[in-house]
Amino acid sequence: MTCTAPADDALEQLPAHGGPLPCRCPYCPADAAPHWIRWGHYHRYAGDRADPSRKIAIDRWCCKVQGRTFSLLPDALLPYHSWRTAWILAWLRALYLQGLGLNTLARRVGVARGTLRHVAARFQRTVPQLRLPGQEGALPPAAFLQALVVRGPVAVAELFRQWKEREPKHCLLGFYRR
């Protein structure tokens, strides 16, 4: 189960537990003072290869102004996907930058072809709407991934964290309605 494009160690080591504390409410203006309260938690899969059935608690927060709840996932996880961010980025790099075939990659990483096809299709639909800091206009998938590689894993993790703070349900693989 080795991939020709291994996940970056820095991204691989991101914790999949103990979600981040919010620094702003996604429903209110950015300059609003902290006004949210902890509103329980829910459980979701942690995306571990060693123990795929392991679940973690994700804190839920409530905006006292809007009366709506929101959650922030740990840096290693994406909304509505059970695979870790580092693995998905490694698969996308292998498909788009290294030109590895879908079937070959599926055999090497031990993931179903349908899963990889779904991830690639979601990424292709989403990438025209994603903007990197200082970027004007949309980049094609390969150029977007190359720009992420150039930035390095720590900068990528920080970029994803910023995206989550602004809109918790938007990510590399899709924009999900609240």
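Residues numbered from 1 in each chain as written. Predicted model: local features only at pLDDT ≥ 70, side-chain atom pairs only at ≥ 80, totals over all residues. Heavy atoms only, no water.

Can you walk me through the overall build of the chain in this structure?
Per the secondary structure count, the chain includes six helices and five strands. Going residue by residue from the N terminus, the α and β elements of the chain occur as α-β-β-β-α-α-α-α-α-β-β. Counting the 178 residues in the chain, one finds 44% classified as buried. Across the chain, every contact between residues at least 6 apart in sequence was considered, and the portion connecting residues at least 24 apart equals 62%. Summed over all atoms, the accessible surface of the chain reaches about 9400 Å², with 53% contributed by carbon and sulfur. (Helix = DSSP H or I, 4+ residues; strand = E, 2+ residues; numbered from the N terminus. Buried < 20%, exposed > 50% of the residue type's maximum accessible area, 1.4 Å probe, protein only. Contact = heavy atoms within 4.5 Å. Areas by Shrake-Rupley, 256 points an atom, 1.4 Å probe, with all protein chains shown as cover.)

Help me out: how do you make sense of the sheet that holds strand E2 (residues 55-63) in this one?
Strand pairs in the sheet, formed through backbone hydrogen bonds, run parallel or antiparallel to each other. With antiparallel pairing, three strands are arranged side by side in an open sheet as E1-E2-E3. Sheet topology places strand E1 (36-45) and strand E3 (69-71) at the edges, where each strand pairs with a single neighbour. Strand-to-strand twist in this sheet, taken as the mean axis angle between neighbours without regard to direction, amounts to 35°. Direction of pairing for E2 relative to E3: antiparallel, over a ladder of three bridges. When the bridges of E3 are listed, arginine 60 appears paired with serine 71. (Pairing = 2+ DSSP bridges. Axes fitted to C-alpha atoms, helices over the stretch in contact; angles between N-to-C directions.)

I'm lost on the side chain of glutamine 135 in this one. Help?
Considering the arrangement of structural elements, one finds glutamine 135 in the loop between helix H4 (113-126) and helix H5 (141-151). Take glutamine 135: its relative accessible area is 14%, and that puts it in the buried class. In this structure the side chain of glutamine 135 is engaged in a polar contact, spanning 2.7 Å, whose partner is the backbone nitrogen of leucine 132. From its side chain, glutamine 135 meets the backbone oxygen of glycine 137 in a polar contact 2.3 Å long. (Polar contact = N/O pair within 3.5 Å; in protein donor to acceptor, adjacent residues only side chain to side chain.)

Looking at this structure, I do not really get the packing of aromatic side chains. What am I missing?
We describe a pair of aromatic rings using the distance from one ring centre to the other and the angle between the two ring planes. The final tally for this structure, using the stated rule, is five aromatic pairs. Measuring from ring centre to ring centre gives 6.2 Å for tyrosine 27 and phenylalanine 70, while their planes differ by 75°; the resulting arrangement is edge-to-face. In this pair, tyrosine 27 sits in the loop between helix H1 (9-12) and E1 while phenylalanine 70 sits in strand E3, placing the two residues 43 residues apart along the sequence. With a relative accessible area of 17%, tyrosine 27 lands in the buried category. An aromatic cluster of three or more residues is present, and its members are Trp83, Trp87 and Trp91. The positively charged end of lysine 55 is found above the aromatic ring belonging to tyrosine 45, 4.9 Å away from the centroid. (Phe/Tyr/Trp six-rings, centres within 6.5 Å; stacked < 30°, edge-to-face > 60°. Lys NZ or Arg CZ within 6 Å of the ring centre and 35° of its normal.)

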